[in-house]
Amino acid sequence: MVTLNVNVDHIATLRQARGGNEPDPVAAAVICELAGANGIVCHLREDRRHIQDRDVELLRQVVSTKLDLEMAAVEEIINIALRIKPDLVTIVPEKRMELTTEGGLDVAKDIPRFKELVARMHQSGIEVSFFIEPELKQIDAVLETGAEIVELHTGVYSNLRDIKQIKLELERLKKAADYAKNSGLRVVAGHGLNYRNVFDICLISSIEELSIGHSIISRAAFVGLERAVREMIDAINYAVLSR
Ligand code: PXP
């Protein structure tokens, strides 16, 4: 089984475009859960460009599946996470000018810092996931930190158009997912996944969860959020059944 976690940041982006209070990412989260999502993801960025502190607080109260707070490893956001206590945090790199998260975090570069961060989260009962490139070196580094989850970056795979390169990237993702799972980590994948390219990712049996935002929210503008979530779950289940 592969489960779906829906990222509601884009609902907040739409709200921020007018500075009012609609559409509300909290209402979106409720609809996603009713449609069968297994988790809700939001990214509290330092620049607060979409999700606001109030959203995270309300999401914590409303989400009944699990709440994944994506965040940079910076003290201000760490303290917010420790106070609000999402079920898990996903640590991502964050650059001010980027349109969205660009690439995985280099966990291997600073293992002691990330190890300390994991210990602080664990003390508050929060699980930790690291968003990384599908590289064995990064998985080894995540293991050293004591985290329990890795999220493999599928953005490279999603952007490729050449079939040979796509196959190579899928092999790289499979190798990393299998290695992480065999090492005892739970494996999530995400970034750039859509209704078409999700099929081959679901054939990698070590991947247990997907984190998807943009394609679902984009489709929701035309068919409604509940249907968009259900259709993604159907696409995932179809792929899993054809393994
Ligand atoms: N996973 C992580 C770590 C992300 O930063 C994002 C984007 O916010 C996603 C998954 C979802 O990516 P997309 O919106 O392209 O589906």
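Preceding this paragraph is the structure being described.
Computed from a predicted structure; not experimentally measured.

Scanning the chain from N- to C-terminus turns up eleven helices and eight strands. Against the 2.2 N^0.38 benchmark of 18 Å for 243 residues, the chain shows a C-alpha radius of gyration of 17 Å, consistent with a compact globule. Its C-alpha atoms give the chain principal-axis dimensions of roughly 45 × 40 × 30 Å. Burial status across the chain gives 53% buried among its 243 residues. In the chain, the proportion of contacts linking residues at least 24 apart, taken out of those at least 6 apart, comes to 67%.

Negative phi characterises most residues that are not glycine, and trans characterises most peptide bonds. Here the amide bond leading from Glu-22 into Pro-23 is cis, since omega sits at -5 degrees, within 30 degrees of zero. One can find Pro-23 in the loop between helix H1 (9-18) and helix H2 (25-34). The phi dihedral of Arg-48 is positive, around 50 degrees, even though this residue is not glycine. Assessed through its relative accessible area of 16%, Arg-48 is described here as buried. Even without a glycine there, the phi angle at Lys-85 is positive, about 55 degrees. Along the chain, Lys-85 falls in the loop between helix H4 (75-84) and strand S4 (88-91).

Let us look at the pairing of strand S6 (residues 149-153). Here S6 lies mainly inside the structure; five of its five residues are buried. Residues Ile-149, Glu-151 and His-153 point to one face of S6 and Val-150 and Leu-152 to the other, with burial holding for every one of them. Here strand S5 (residues 127-132) pairs with S6 via four bridges, running parallel. Paired with Phe-131 across the two strands is Glu-151, which belongs to S6. Traced from S5 through helix H6 (residues 136-145) to S6, the parallel crossover comes out right-handed. Both S6 and strand S7 (residues 186-190) contribute to a ladder of five bridges, which runs parallel. In the sheet register, Ile-149 faces S7, and the bridge partner there is Arg-186.

Turning our attention to the packing of helix H3 (residues 53-62) against H4. Between H3 and H4, the least distance of the axes is 10 Å, while the angle of their chain directions is 25 degrees. One finds that H3 runs roughly parallel with respect to H4. The crossing of H3 and H4 is right-handed. Side by side, H3 and H4 meet where Asp-53, Val-56, Glu-57 and Arg-60 of the first sit next to Ile-80, Arg-83 and Ile-84 of the second. Of the residues assigned to the contact of H3 with H4, the class counts are three nonpolar, no polar and four charged.

A rise of 1.5 Å per residue sets the reference length of helix H5 (residues 111-123), with its 13 residues, at 18 Å; its end C-alpha atoms lie 18 Å apart and thus fit the reference within 8%. Buried residues along H5 sit against strand S3 (67-71), H4, S4, S5 and H6. Gly-125 sits one or two residues past H5 and shows a positive phi near 75 degrees.

What follows concerns the side chain of Thr-3. The residue Thr-3 is located in strand S1 (residues 3-7) in this model. When its relative accessible area of 13% is taken as the criterion, Thr-3 is described as buried. In contact with Thr-3, other than residues within four places in its own chain, are Asn-38, Glu-208, Glu-209 and Leu-210.

Time to look at the sheet that holds S5. An order of S1-S2-S3-S4-S5-S6-S7-S8 is seen for the eight strands of this closed barrel, with the pairing classed as parallel. Across the sheet, the axes of successive neighbouring strands diverge by a mean angle of 25 degrees, strand direction being ignored. Of the pairings in the sheet, the one linking S4 to S5 comprises four bridges and is parallel in character. Note that in S5 the partner of Ile-91 across the bridge is Phe-130.

Attention shifts here to the pattern of salt bridges. Taken as a whole, this structure holds 19 salt bridges when the rule is applied. The partner of Arg-48 in a salt bridge is Asp-53, and the shortest N-O contact between them spans 2.6 Å. Among the ionic contacts, a cluster of salt bridges with common partners joins Arg-15, Asp-24, Arg-54 and Asp-55.

About the thresholds
- Residues numbered from 1 in each chain as written.
- Predicted model: local features only at pLDDT ≥ 70, side-chain atom pairs only at ≥ 80, totals over all residues.
- Heavy atoms only, no water.
- Helix = DSSP H or I, 4+ residues; strand = E, 2+ residues; numbered from the N terminus.
- Rg over C-alpha atoms; globule rule 2.2 N^0.38 Å.
- Buried < 20%, exposed > 50% of the residue type's maximum accessible area, 1.4 Å probe, protein only.
- Contact = heavy atoms within 4.5 Å.
- Pairing = 2+ DSSP bridges.
- Right-handed = clockwise from strand over helix to strand, strands pointing away.
- Axes fitted to C-alpha atoms, helices over the stretch in contact; angles between N-to-C directions.
- Parallel < 35°, antiparallel > 145°, perpendicular 65-115°, else oblique.
- Left-handed = near helix turned anticlockwise from the far one by under 90°.
- Nonpolar A, V, L, I, M, F, W, Y, C, P; charged D, E, K, R; others polar.
- Expected span 1.5 Å × (residues − 1).
- Salt bridge = Lys/Arg side-chain N within 4 Å of Asp/Glu carboxyl O.

Note that every value here comes from positions in space, so none of it alone points to a role or purpose.
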